[in-house]
Amino acid sequence: MPQTLPYGSWPSPLTPEAVSQSSPRVDGARFVGDEVWWGESVPSEGGRVAVRRRRADGSVETVLPAPANARSSVHEYGGGAWTASDAGELFYVEKADQRVYALTPGGSARVLTPESGDVRHGGLAWQHGVLLAIRETHGRGRVPSRAIVRIPLDGSESVVLADGSDFLAHPALSPDGRRLAWIAWNHPDMPWDATTLRVRTLDTGETHDLTGGGRRAPLQPVWIGDDELLYADDPDGRWNLYRRALDGDPQPVAPVDADTGGPVWVLGTRWYGATTDGRIVAVRTDGGDEVVEIAPSGVRPTGVPAVAGAAVDDVRGSRALISGTTATGSAGLWSLDLDSGTADLVTGGAGSWGAEWMPSARALTTEGPHGPVHAFAYPPTHPDAVAPEGERPPYVVFVHGGPTSHVGPAPSAKTAFFTSRGIGVLDVNYGGSTGYGRAYRERLLGQWGVVDVDDVAAAASALASAGLADPERLAIEGGSAGGWTVLAAVTNTDVFSAGISRYGVGDARALAEDTHDFEARYLDGLIGPLPDAEAVYVDRSPLSHPERFRVPLLILQGSEDRVVPPSQAEAIRDSLAAHGIPHAYVLYEGEGHGFRRAETVVDSLSRELGFLGAVFGFETPGIAPVSLD
């Protein structure tokens, strides 16, 4: 007989400690001979990224042991912090000094790049016997210089292969080693706005633009011959695949109303790869992800169960390594054999709890003031508890960061942490999100703080109007750009009764002045160029209207955040205090932009639940209520 308990107070085995250790994030993967290597975050070790391998006999070993940490800081968000040679030598960027090291398993690391001021490396790639990297050199000014370099294995000076652009990504060396292809873009564009696909003949330096410019953003060149490329491009508003001989015209490859590609927030992200016999493994995104095989005979699903965050990390022969998250919320890595059609789970892929505890995503589309709004709802889910008859559940609206980003139909452990206690979760892909084409993505241009706010409010209101949520107990939470939307939503709408902001933006002008080079001109598109649009920055910023703060807020912040510094969170705290708004502020020492340490995840989750219980008036068994100032 199920227990009858108020929503929010259901007992749950998903403790904050268990959530902090669930489904470690896979950070790249590679075939190394008959082994599979992958990067993996380790929350219990301060969030460091280790590299592990599965040997041919199925045993798993750690290749990169503590305290080494494969983390890049290029573009601040990093990515591509490790790779490996076919012979089994690991190359990685050490977080502490951003230099590149080489390590043979069981041996000692040797440094490959010199100590030379603030020089960072990322986007490592081992191709045809050559180690490539994106090198970022910081000087006295705000703007660093970037180049694609070849790193010799004898420790001699790196060789610059390409430069001359503000940003570079996706270096690809042709099989004969004669040509280099890459993606380039310049301020004020972001890599989802406009990029250029370039090709250089290395011995002559002759360079030409293959495609791009205007409102197009080609991505991820892959050589399928010495003089032919496979790449993604979006001339029709969707990222689709094209193949092109260097002296020919682009030929579309199985176009579809979905995206094969996404925002290049981190280096090394890959959405497709080609086999030696001409087949392609690709991720297609239209709300959710699907991993497909594209062959001359047609397109077929692969059976890999990843539906969110899917990536094609490596392709060798007829095998592919695919990472992503399943519909039950389990992050995993699969080795796909295209010939047999089997997908072998390498790591992860299975949750720590039974399926009865995991909510299923319900895709919702509602009409907002600016057009359709896409979201995924996760209702309260419990095998042995029900709410009193007539009670409607509280809901937390999750607002993803970016804002140019996307969430798929896969519940995170954090989502289940709430739903298993009787608190619903609504994950909104507001206008500006990826995964629905360029038109949907560009709805946010010039309208950040308007469209995102209207869209999350519309989605939440639709859920309440349908009788699925308690309209008096709607909370909203988000981090970074999502935190901006949280603060703007609680000051500009009356939909939400509580807000949780993690390292959120409160002052857009301060963000434009303080943020790092990668996003230095991001707000040009989202709000407008300064100084012409200064009045808009002031009007949109939640801190410009402190009198509008009227609902309780929980503010969580990392002390080492370089993207949104603690000064913004402290200004919000001071404003709430000055206007008598109930609030709590927590500063986590040593954390940056995004919480990685297990102890931080545990504490922040506990505080979020305790905050909701205190505001909405339900008991939170095992979690102390948060005291509000």
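About the cut-offs
Residues numbered from 1 in each chain as written. Predicted model: local features only at pLDDT ≥ 70, side-chain atom pairs only at ≥ 80, totals over all residues. Heavy atoms only, no water. Helix = DSSP H or I, 4+ residues; strand = E, 2+ residues; numbered from the N terminus. Rg over C-alpha atoms; globule rule 2.2 N^0.38 Å. Contact = heavy atoms within 4.5 Å. Areas by Shrake-Rupley, 256 points an atom, 1.4 Å probe, with all protein chains shown as cover. Lys, Arg positive; Asp, Glu negative; His and termini not counted. Charge placed at Lys NZ, Arg CZ, Asp CG, Glu CD. Polar contact = N/O pair within 3.5 Å; in protein donor to acceptor, adjacent residues only side chain to side chain. Core = buried A, V, L, I, M, F, W, Y, C linked by side-chain atoms within 4.5 Å. Buried < 20%, exposed > 50% of the residue type's maximum accessible area, 1.4 Å probe, protein only. Salt bridge = Lys/Arg side-chain N within 4 Å of Asp/Glu carboxyl O. Phe/Tyr/Trp six-rings, centres within 6.5 Å; stacked < 30°, edge-to-face > 60°.

A. Looking closely at the overall build of the chain. Scanning the chain from N- to C-terminus turns up 10 helices and 38 strands. Relative to the compact-globule value of 25 Å for 629 residues, the chain shows a C-alpha radius of gyration of 24 Å, a close match. In terms of principal-axis extent, the alpha carbons of the chain reach across some 70 × 60 × 50 Å. Contacts in the chain between residues at least 24 apart in sequence constitute 56% of all its contacts with a sequence separation of at least 6. With the model as given, the accessible surface of the chain reaches about 23000 Å², and the carbon-plus-sulfur share is 47%. Charge centroids of the chain, computed over 51 positive and 81 negative side chains, lie 3 Å from each other.

B. Spatial organisation of the environment of Arg279. One can find Arg279 in the loop between β22 (272-274) and β23 (280-286). For the pair Arg279 and Gly317, spaced 38 residues apart in sequence, the C-alpha separation works out to 9.9 Å. Residues in contact with Arg279, not counting those within four places in the same chain, are Gly273, Ala274, Glu293, Ile294, Ala295, Ser318, Leu338 and Asp339. A polar side-chain atom of Arg279 sits 2.8 Å from a polar atom in the side chain of Asp339.

C. Up close: the nonpolar core. The biggest cluster of nonpolar side chains holds 135 residues, and the ones touching the most others in it are Tyr272, Phe496 and Leu612. No other element matches the 8 residues that helix α4 (residues 451-465) contributes to this core. Beyond its immediate sequence surroundings of up to four residues, Phe496 is in contact with Val397, Val456, Ala457, Ala460, Leu474, Ala475, Ile476, Ala489, Val490 and Val551. Membership of the second largest hydrophobic core comes to 27 residues, among which are Leu64, Phe91, Val93 and Ala102.

D. Inspection of the environment of Asp249 at higher detail. Within the secondary structure layout, Asp249 lies in the loop between β20 (240-245) and β21 (251-253). Along the sequence, Asp249 and Leu210 sit 39 residues apart, while their C-alpha atoms lie 9.6 Å from each other. Those residues in contact with Asp249 that sit more than four places away from it in its chain are Arg243 and Arg244.

E. Region of the structure containing the pattern of salt bridges. Throughout the structure, instances matching the rule amount to 44 salt bridges. A salt bridge links Arg238 to Asp257; the shortest N-O distance between them is 3.0 Å. Pair noted here: Arg238 is in the loop between β19 (228-233) and β20 and Asp257 is in the loop between β21 and β22, with a separation of 19 residues, a long-range link. Overall, the relative accessible area of 11% leaves Arg238 in the buried class. With relative accessibility at 57%, the residue Asp257 sits in the exposed group. One salt-bridge network, in which partners are shared between bridges, spans Asp189, Asp193, Arg215, Asp234, Arg438, Arg441 and Glu442.

F. Representation of the packing of aromatic side chains within the structure. One pass over the full model with this rule turns up 18 aromatic pairs. Residues Tyr77 and Trp265 carry aromatic rings whose centres are separated by 5.3 Å and whose planes lie at 80 degrees to one another, so their mutual orientation is edge-to-face. Of the two residues, Tyr77 sits in the loop between β5 (60-64) and β6 (82-84) while Trp265 sits in the loop between β21 and β22, which places them 188 residues apart along the sequence. Between Tyr77 and Phe518, the aromatic rings sit 6.2 Å apart at their centres with planes inclined by 75 degrees, giving edge-to-face as the arrangement. With Tyr77 in the loop between β5 and β6 and Phe518 in the loop between α6 (508-514) and α7 (522-526), this pair connects stretches of sequence that are 441 residues apart. Owing to a relative accessible area of 25%, Tyr77 belongs among the partly exposed residues under this scheme. Among the residues examined, Phe518 registers a relative accessible area of 1% and is labelled buried. Ring-pair connections join several aromatic residues into one group, and the members of that group are Tyr77, Phe167, Trp185, Trp192, Trp265, Phe518 and Tyr522.

Read these as geometric descriptors, not functional statements.
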